[in-house]
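# Structural features, examined
Residue-level listing of the chains:
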Amino acid sequence: MSDKGKINEIAKELERWEKTTLPKWMGQRPERKSEFRNHSDTLIKRVYTPEDTKELDYMRDLGFPGEYPFTRGVHATMHRGRLWTMRQFSGYGTAEQTNQRFKYLLKEGETGLSIAFDYPTIRGYDSDNPLSKGEVGICGVAVASLKDMEVLFDGIPIDKVTTSMTINGPAAMLLAMYIALGDKQGVPRENLGGTTQNDMLKEFFAQKLIIFPPKPSLKLVTDIIEYCTRHVPRWNPISISGYHIREAGANAVQELAFTLYDGITYLESCLERGMKVDEFAPRLSFFFAAHNDLFEEIAKFRAARRIWAKIMKGRFHAKNLRSMWMRMHVQTAGFTLTAQQPLNNITRVTIQAVSAVLAGTQSLHTNSFDEALALPSEEAVRIALRTQQIIAHESGVANTIDPLAGSYYVENLTNEMEERAMEYFKKLDDMGGAIAAIERGFFQKEIADSAYKYQREVDGKKRILVGVNDYTTEEKYPIKVLRVDPKVEEEHVARLQKLKRERDNRKVNEVLEKLHYNTEKDENLMPTIIDAVKAYATIGEICGVLRKVYGEYKELIVI
Amino acid sequence: MQSERKIRVLIAKPGLDSHDRGAKIIARALRDAGMEVIYTGLKQTPEQIVETALQEDVDVIGLSILSGAHKTLFPRIIQLLKEKDLTDVLVIAGGIIPEEDVAEMKELGIKEMFGPGTPTDKIVQFVFENVPKRT
């Protein structure tokens with residue numbers, strides 16, 4: 001019998017089953033809900049059969065790991081060859097404290113560093129700016145100048161680790177400091193490995209930590225990609241991020257579509273700059289969230305890889321296979337952590353992490369169970385890392401590549417993810433691209449609507465959250481809150497002011513003037529920013545020059 | 001006949017953090033419940049928040065903060081409200097505020113704190129029950 005014949009037969013059998021066996025059971029054990037839906041509002045069938053994947057062409061749609069369209073993974077050996085990088089985002093207090101935390105994590109088996117910066121740094125203010133009051137070193141480490149960076153990496157040779165920096169608005173300044181640090185440690189620029197998030201587009205509608213308006217922001221992103229392509233070839237100049245889009249309220253389809261569309265926009269910007277696609281595309285990397293619905297998330301990651309490969313080949317005519325690779329970092333979704341019965345979060349994080357591993361992530365951050373309450377304690381951070389190690393070494397899920405391929409359900413969901421993402425792409429193309437969509441509040445409205453819908457479902461108990469709207473207890477978990485000493489701010493301000501007095505201020509003024517000049521001339525600013533940080537100009541001073549030329553972004557409020 | 005004045009609420013994001021998912025959801029829920037809601041947007045200084053409250057003649061201020069800077073920013077906002085003689089405005093807050101800080105914040109004059117997982121209906125109801133009566 002032909003495949004088509006077989007499928008028709010299965011479809012008939014399904015119909016028979018629905019008329020004979022199913023009704024008997026439905027009478028005795030009716031289903032729990034009238035319908036089942038995932039976060040992206042897909043109606044989930046009772047059972048999936050070969051009929052649901054009848055359009056699937058193995059070689060066209062899945063292929064083999066390490067081969068186009070990379071649905072099954074970007075490497076041929078995947079986690080059998082090398083486990084994913086276990087990279088825990090951390091940073092708080094002073095550079096000294098975070099340096100200690102880094103050394104602790106490295107000792108415990110972490111394989112890459114990831115820096116969390118405090119809000120003043122992220123927003124391009126020095127610690128002594130009045131707007132920084134109460135925020136210095138609280139949600140991350142304060143890095144105002146190269147001096148802080150030197151302390152942060154004291155005793156950590158940066159040719160032995162890779163470092164990820166979650167930084168966007170001032171990404172150029174922090175990367176410049178890392179490069180300058182490399183120069184000091186004697187590490188050639190071509191040996192520096194790591195990532196700057198440097199994804200400004202999603203800032204305008206998701207994370208919203210913005211300094212400059214959209215166009216100069218995109219220009220700076222492109223400067224970094226161009227500079228790294230020429231001088232820091234092992235650096236991932238950008239991590240195109242869906243994580244924050246999801247956390248802001250988007251569903252899985254929106255996260256997928258908006259992230260990849262941002263990617264398209266960066267590609268176009270680099271091509272306009274005169275770069276060749278295969279020169280820079282291999283270093284583009286991605287960052288997604290892993291939420292609670294296991295199969296939906298797996299489908300999202302797989303669809304993401306396939307769509308990206310198709311875009312690179314079809315839309316951008318890439319020739320190098322590496323340009324078609326979507327390498328991804330995944331973080332378990334912070335939004336899903338509950339303040340109620342916080343130990344349950346360990347289970348949530350495990351499920352989420354498993355989805356990322358099953359779907360072939362390159363790198364993973366697992367959240368700590370106490371993060372809905374405060375900064376994570378050392379114990380909670382260790383458990384989060386151990387969760388990854390248990391998945392890696394005990395569960396067996398990493399023993400084969402893309403084990404869910406061929407699942408009628410997962411393949412069907414993967415296809416649907418792709419189709420719905422393509423619909424968004426078309427809409428965004430018609431709107432005139434990502435910046436036009438930002439300016440008219442399109443992404444913002446889509447995300448706010450999804451966030452509100454989710455909350456209404458929780459409020460109405462259509463969506464059960466254990467410990468929050470069901471299975472509740474009055475017990476309070478005795479959490480030990482990790483607090484940042486308010487002295488951190490005073491000390492940091494004092495250190496910064498001492499630096500500002502003692503450095504060669506004539507040199508600082510000269511280099512800032514040069515920066516002003518080059519900013520107006522629309523040059524690639526990376527070389528000048530490196531000169532500026534080496535002269536110990538601060539992040540506030542450098543961003544200040546750019547603010548003068550570019551202006552500051554005024555938030556478009558969409559509720 | 002004069003129609004009844006709608007309850008006017010200012011939802012404000014003090015400080016530098018940008019987590020506005022909660023603030024926007026609360027703004028929408030209060031609006032759906034029939035209130036007039038003004039949302040400040042991100043990165044508001046205590047001065048800006050109190051100035052907006054004054055200009056907009058609000059009955060309620062909802063502060064949302066997830067950066068951990070509440071111990072610096074909330075006392076300043078309360079102090080400024082006193083200086084502007086806005087002491088009858090109902091002030092509530094939400095976000096990530098450790099349990100052990102709640103009592104201290106309430107003593108300051110923040111009437112209630114709503115942590116993660118609070119149903120929006122509970123906040124709506126709280127506002128209806130505690131909003132100061134206009135004379």
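Within any chain, residue numbers begin from 1 and follow the written order of that chain's sequence. Written order decides the labels, with chains lettered from A and ligands numbered from 1. Local features in this predicted model are restricted to residues whose pLDDT is 70 or higher, and side-chain atom pairs enter the listing and the counts only when it is 80 or higher, whereas totals over whole chains, interfaces and linings include all residues.

## Section: the interface of chain A and chain B
The condition that has to hold: In this description, a residue-residue contact is defined by the distance between C-beta atoms placed from the backbone, which must lie within 7 Å. Strands here are runs of E lasting at least two residues and helices are runs of H or I lasting at least four, both read from the DSSP assignment and numbered beginning at the N terminus. Amino acids are sorted into nonpolar (Ala, Val, Leu, Ile, Met, Phe, Trp, Tyr, Cys and Pro), charged (Asp, Glu, Lys and Arg) and polar (every other residue, Gly among them).
Taken together, the contact pairs 31 residues of chain A with 30 residues of chain B. Mapped onto the side of chain A that touches chain B, the elements with two or more residues apiece are α6 (119-122) and α20 (442-459) of chain A. Broken down by element, the residue count for the side of chain A that touches chain B peaks at five residues, all from α20(A). Across the side of chain A that touches chain B, the residue classes break down as 18 nonpolar, six polar and seven charged.

## What about the sheet that holds strand β4 (residues 90-95) of chain B?
All names here are of chain B. Rules: Following DSSP output, two strands are said to pair if at least two bridges run between them. Comment: axis = line fitted to C-alpha atoms, over the contacting stretch for helices; angle = value between 0 and 180 degrees taken between N-to-C directions.
In spatial order, the strands read β2-β1-β3-β4-β5; together these five strands make up an open sheet with parallel pairing. Because the sheet does not close on itself, it has two edges, and the strands there are β2 (36-39) and β5 (112-114). For this sheet the average axis-to-axis angle between neighbouring strands, irrespective of direction, equals 20 degrees. By the bridge criterion, four bridges tie strand β1 (residues 8-12) to β2 in an arrangement that is parallel. Within β2, the residue paired with Arg 8 across the bridge is Glu 36. Each of β1, β2, β3 (60-65) and β4 is contacted by helix α1 (residues 21-32), which is oriented at about 160 degrees to β2, the strand it contacts most.

## Some details on the confidence of the model for chain B
All names here are of chain B. To keep it simple, the criterion reads: Per residue, pLDDT captures the predictor's confidence, and it can take any value from 0 to 100.
With 97% of its residues at a pLDDT of at least 70, chain B reaches an overall mean of 94. Considering each helix and strand of chain B separately, the mean pLDDT is smallest for helix α4 (residues 99-108), with a value of 93, and largest for β1, with 98. Scored as a whole, the predicted complex attains pTM 0.94, and scored at its interfaces, ipTM 0.90.

## Topic: the sheet that holds strand β6 (residues 238-241) of chain A
Residue and element names in this part refer to chain A. The strand order across the open sheet formed by nine strands is β5-β4-β3-β2-β1-β9-β8-β7-β6, and the pairing between neighbours is parallel. One side of each edge strand has no neighbouring strand; the edge strands of this open sheet are β5 (235-236) and β6. Sheet topology places strand β3 (residues 163-165) next to strand β4 (residues 194-196); three bridges connect them, and they run parallel. If you follow Thr 163 over to β4, its bridge partner there is Gly 194. Here helix α12 (residues 252-272) sits on the sheet and contacts β6 and β7 (284-290); the angle it forms with β6, its principal contact strand, is near 145 degrees.

## Points about the environment of Gln352(A)
Residue and element names in this part refer to chain A. The line we're drawing: Backbone-placed C-beta atoms define the burial measure: a residue is buried with 20 or more other C-beta atoms within 10 Å of its own, exposed with 12 or fewer, and partly exposed in between.
Tracing the chain through its elements places Gln 352 in helix α16 (residues 344-358). Judged by local crowding, Gln 352 falls into the buried class, with 26 C-beta atoms found within 10 Å. Expressed as a C-alpha distance, the spacing of Gln 352 and Ile 245, which sit 107 residues apart in the sequence, is 17 Å. Contact partners of Gln 352, with chain neighbours within four places excluded, come to Ala 290, His 291, Asn 292, Thr 332 and Ala 333.

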